[in-house]
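Observations on chain architecture
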Amino acid sequence: DQQVKQNSPSLSVQEGRISILNCDYTNSMFDYFLWYKKYPAEGPTFLISISSIKDKNEDGRFTVFLNKSAKHLSLHIVPSQPGDSAVYFCAASGLQGAQKLVFGQGTRLTINP
Amino acid sequence: NAGVTQTPKFRVLKTGQSMTLLCAQDMNHEYMYWYRQDPGMGLRLIHYSVGEGTTAKGEVPDGYNVSRLKKQNFLLGLESAAPSQTSVYFCATKGTEVFQPQHFGDGTRLSIL
């Protein structure tokens, strides 16, 4: 049972436009949501997070939106740049104990010049 | 400041051989985790530790053992390697503050022939 799902394996966006990556989850116990970015042959790098008491968190060009009733979150990148080309993982955890992360399958974002 | 360091970076084993993957951190984090990443499946938790001398099973622990004898090191062992354990292995660490992300190493690519 996939508790965190990223239904788009890949996404192609023109440089300067908005990139929107989506993530759905099923476990209502998740209260902390994170996005990681991964380049080939490197480890995932933390990008931005949001707790369940918020519906939006912004950091520069990156904004994460959370719709708790729909169990859906999205990552917006505006404007998209060639260096944003990477695989993006959505992850979720509760707030207790070791806060084990459950990851989505990832979305490969390609920014075209 | 190295952060999270994984050794080795690459390894090829024959079926039935054993080996140990080392994760070392200089961030003084209490929590440490081992994940595996397979194509199309995101990252899955193998084992984790909430402090020196403690370990616990994650989502996919079978065929692996771990030890955390020192706070800064988390070892992942394969006693008898199988082709199904061919994967990229990532170590992560996290402090005890709730709204804090996990930090990842650059991974170990392991092939079992």
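Here the structure is a predicted model, which means the values were calculated and not measured. Every chain is numbered on its own, with residues counted from 1 as its sequence reads. A letter from A marks each chain and a number from 1 marks each ligand, given out in the order of writing. Only residues with pLDDT of at least 70 get local features here, since the model is predicted, and only at 80 or more are side-chain atom pairs given and counted; chain-wide, interface and lining totals rely on the full set of residues. In computing side-chain values, all of the structure's heavy atoms are included and hydrogens and water are not.

1. Details of the interface of chain A and chain B
Many analyses report the size of an interface as the accessible area lost when the parts associate. Note on definitions: a residue-residue contact is assigned when non-hydrogen atoms from the two residues lie within 4.5 Å. With 20 residues of chain A at the interface, the matching set in chain B holds 22 residues. For the pair chain A and chain B, the summed buried surface comes to about 1700 Å²; carbon and sulfur atoms form 65% of the total. Accessible-area loss on putting two parts together, using a 1.4 Å probe and summing over both, is the definition of buried area adopted here. The largest share of the area that chain A buries against chain B comes from Ala98, Lys100 and Phe103 of chain A, three residues that together contribute 27% of it. We define a salt bridge as a side-chain nitrogen of Lys or Arg found within 4 Å of a carboxyl oxygen belonging to Asp or Glu. Taken together, the connections running from chain A to chain B amount to zero salt bridges. The definition of a polar contact used here is a pair of N or O atoms within 3.5 Å, where within protein one atom must be able to donate a hydrogen and the other to accept one, and adjacent residues in sequence count solely through side-chain atom pairs. Where chain A meets chain B, there are seven residue pairs in polar contact (both at pLDDT 80 or more). Here a strand is any run of E in DSSP of at least two residues, a helix any run of H or I of at least four, and the numbering for each starts at the N terminus. Those elements that provide at least two residues to the side of chain A that touches chain B are β4 (32–38) and β5 (45–51) of chain A. Per element, the largest residue contribution to the side of chain A that touches chain B is four residues, and it comes from β4 of chain A. Here the nonpolar group is Ala, Val, Leu, Ile, Met, Phe, Trp, Tyr, Cys and Pro; Asp, Glu, Lys and Arg are the charged ones; every other residue, Gly included, is treated as polar. Here the side of chain A that touches chain B is built from residues that sort into 11 nonpolar, six polar and three charged.

2. Some thoughts on the sheet that holds strand β8 (residues 73–78) of chain B
Strands in a sheet are paired, the pairing made by backbone hydrogen bonds, and the direction either parallel or antiparallel. Residue and element names in this part refer to chain B. Following DSSP output, two strands are said to pair if at least two bridges run between them. Strand order in the open sheet made by the four strands is β1-β3-β8-β7, with antiparallel pairing throughout. Edge strands, defined here as strands with exactly one partner in the open sheet, are β1 (4–7) and β7 (64–67). Neighbouring strand axes in the sheet, compared pairwise and without regard to direction, differ in orientation by 20° on average. The sheet contact formed by β1 and strand β3 (residues 19–25) spans four bridges and is antiparallel. Across the sheet, Gln6 pairs through a bridge with Cys23, a residue of β3. Here an axis means a line fitted to C-alpha atoms, over the contact stretch when the element is a helix, while the angle between two N-to-C directions is reported on a 0 to 180 degree scale.

3. So, the nonpolar core
All names here are of chain A. Residue types Ala, Val, Leu, Ile, Met, Phe, Trp, Tyr and Cys, when buried and joined through side-chain atoms within 4.5 Å, form a set referred to as a nonpolar core. Throughout, exposure labels follow a simple rule: accessible area from a 1.4 Å probe, protein chains only, divided by the maximum for the residue type, with under 20% read as buried, over 50% as exposed, and the rest as partly exposed. One finds Phe33, Trp35, Leu73, Leu75 and Tyr88 to be the most contacted residues of the largest nonpolar core, which totals 23 residues. Among the secondary structure elements, those contributing two or more residues to this core are β3 (19–25), β4, β5, β7 (62–67), β8 (72–77), β9 (86–93) and β11 (107–112). In terms of residues, this core owes the most to one element, β9, which gives four residues. Every residue in contact with Phe33, bar those within four places of it in the chain, is listed here: Tyr25, Ile48, Ser49, Ile50, Ser52, Leu66, Leu73, Ala91 and Ala92.

4. With respect to the pattern of salt bridges
A side chain with one charge can pair with a side chain of the opposite charge if their charged atoms come near. Per the stated rule, a full pass over the model turns up five salt bridges over all chains. With a shortest N-O distance of 3.4 Å, Lys68 of chain A and Asp31 of chain A are connected by a salt bridge. With Lys68 of chain A in the loop between β7 and β8 and Asp31 of chain A in the loop between β3 and β4, this pair connects stretches of sequence that are 37 residues apart. Within this structure, Arg36, Asp38 and Arg44 of chain B form a network of salt bridges that share partners.

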